[in-house]
Amino acid sequence: MDESMPAPAFPIPDSPAPEPEPTPAPARRRGPGWLVTASLTVVALLAGAGAAFAGLLLTGWRHQPVQHYSVYVYFKKDVTDAQREAVHAVLTAIPGNRGVRLETSQQAYEKFKETFKDQPELLDRVTPSALPQSYQLETVSRDDFDCGLVRPLRTMPGMDQYTVILTPRAGRPGAKIAC
């Protein structure tokens, strides 16, 4: 030892002292507290969801059902291809359009025969030429049908008449729309 260094106040052991053993944590006992906390959390979430839904209803939010409309356009017997195409252009511009379908006089006659198959006296008096060609359009909307979309048809040459029908669906009656 160097004499310039003072002697330690306590003896230095030759080997390190053993680390004290950690004392085990007491076993956690789960009581009913966690169940109460979880239950209160679920109740609070349900109450919040209910309040949000009630708020939406009170402010005027409502589920709007989808409305299905059918538009039928009947042509005069002397309609030209150009006149039919002009009507087709008006119909395809209607929003929610599910396609415009042309029904020929012969196709209309086949439907007529099927519909009135139990009335042979009526079938004997009707020929395919008695039934007009027509366009049929199916459209879907969450709003009421906008009659302004079909009003141009009124003055179109080759067109005889048109009809707009609210299609009956699942317990809701259909109706002819006055356009």
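Look above for the structure.
Here's what I pulled together on the structure shown here.

Calculation rules
Residue indices begin from 1 for each chain and proceed along its sequence in written order. In keeping with the model being predicted, local features are shown solely for residues with a pLDDT of at least 70 and side-chain atom pairs are shown and tallied solely at 80 or more, while totals for entire chains, interfaces and linings include all residues. Values reported for side chains reflect all heavy atoms of the structure, with hydrogen atoms and water molecules removed beforehand. Note on definitions: salt bridges are taken to be side-chain nitrogens of Lys or Arg within 4 Å of carboxyl oxygens of Asp or Glu. Segments assigned H or I by DSSP are reported as helices when at least four residues long, segments assigned E as strands when at least two residues long, and all are numbered from the N terminus. Only protein chains enter the calculation, and the probe is 1.4 Å; a residue is then buried if its accessible area is under 20% of its type maximum, exposed if over 50%, and partly exposed in between. Pairs of strands are assigned from DSSP output, requiring at least two bridges between the strands.

All right, on to the pattern of salt bridges then. What the rule picks out here adds up to four salt bridges. With a shortest N-O distance of 2.2 Å, Arg84 and Asp81 are connected by a salt bridge. Of this pair, Arg84 and Asp81 both sit in helix H2 (residues 81-92), three residues apart, which is roughly one turn of the helix. Judged by its relative accessible area of 12%, Arg84 falls in the buried class. Of the residues examined, Asp81 reaches a relative accessible area of 55% and is grouped as exposed. Notably, a salt bridge pairs Glu103 with Lys111, separated by 2.9 Å at the nearest N-O pair.

A few words now on the pairing of strand E1 (residues 67-75). Of all nine residues in E1, seven are buried; the element is thus mostly enclosed. Both E1 and strand E3 (residues 134-141) contribute to a ladder of eight bridges, which runs antiparallel. Counted as the bridge partner of His68 is Val140 from E3.

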